[in-house]
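Inside the fold
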Amino acid sequence: MEYVNYDNLKVTAATEIQNNLREKILIQPRTCPVNVIAGTDISFNKFSTTVYAGIILLRFPELTPIGYSLVKKEVHFPYVPGYLAFREVPALMDAWEQLPLKPDLLVVDGHGIAHPRRMGVASHFGVLANAPTIGCAKKVLCGQYEEPAPAQGSHSPLIFKNEAVGAVLRTKNAVKSVFVSPGHQMDVESALDIVTQCIGRYRIPEPTRLAHHLVNQFRLGEINEGYKDLS
DNA sequence: GCGACAG
DNA sequence: ATCTTGTCGC
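Residues numbered from 1 in each chain as written. Chains lettered and ligands numbered in written order. Predicted model: local features only at pLDDT ≥ 70, side-chain atom pairs only at ≥ 80, totals over all residues. Heavy atoms only, no water.

Mapped onto the fold, Gly-110 is located in the loop between strand S4 (105-109) and helix H3 (121-129). Counting along the chain gives 25 residues from Gly-110 to Gly-135, while the straight-line C-alpha distance between them is 5.4 Å. Setting aside its immediate chain neighbours within four residues, Gly-110 contacts Val-121, Gly-135, Cys-136 and Ala-137. (Helix = DSSP H or I, 4+ residues; strand = E, 2+ residues; numbered from the N terminus. Contact = heavy atoms within 4.5 Å.)

Below, the structure is given as structure tokens:
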């Protein structure tokens, strides 16, 4: 597929890209060891076309930060449910290319295959970066599920069109669940296992939570663009 | 037509 | 997503 800039795409063209990229998604048990895991997120000011993207690297399973990559970019593709990748992936790819070392796996904010066309932002990024990814979202996009039991660690399958596309996970006692789904080079069971191991003290698993904090600091001018080594 | 709708 | 105010609980 030839290079296309997402900024001037119409939704119908974006759908076509998703339908093409979908064939490249690999759903399989994760086999490679995970020593370094990453969290990704985007921050922006309402009504602004500037997005602040970040990828934070954490040692696994300790979850201690070892570095981060920050990039600022202009985006013009609007937010349309089901097309989040067209706003986030370009900036994330820049942040990815800036990393001096690549993580073994990334936890992306948003869904993976738990998507109307099985091409959520985590799958989209995973295919383009050719890296294992997991989608971790705070809200459902599509599919049916039973609410997991109130106890931390409880989970239930997320079903879409008669297929288990992800899992609903209770990360802490009596808090709202999060939605986990494979992005690329991953399956539901592996994704659930990894995210469960990423639970720290808060509702949002550490990779995503720290990435969110990072890009927010970046947007507010508290830290600068570029790669920073923390090890 | 109606309801749902990641960030 | 971001912004804001208020409340609950350790």
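And the narrative resumes.
This part takes up the protein's contact with DNA strand B. Near DNA strand B, the surroundings consist of 19 residues, among which Tyr-79, Gly-82, Asp-109, Val-121 and Lys-138 are the closest. Between DNA strand B and Asp-109 there is a distance of 2.9 Å, counted from a sugar or linking oxygen to a side-chain nitrogen or oxygen. Within the backbone of Val-121, one N or O atom sits 3.0 Å away from a base nitrogen of DNA strand B. (Near = heavy atom within 4 Å. Polar contact = N/O pair within 3.5 Å; in protein donor to acceptor, adjacent residues only side chain to side chain.)

Mapped onto the fold, Met-93 is located in helix H2 (residues 85-97). Spatially, the C-alpha atom of Met-93 lies 7.2 Å from that of Ala-129, the residues being 36 residues apart in sequence.

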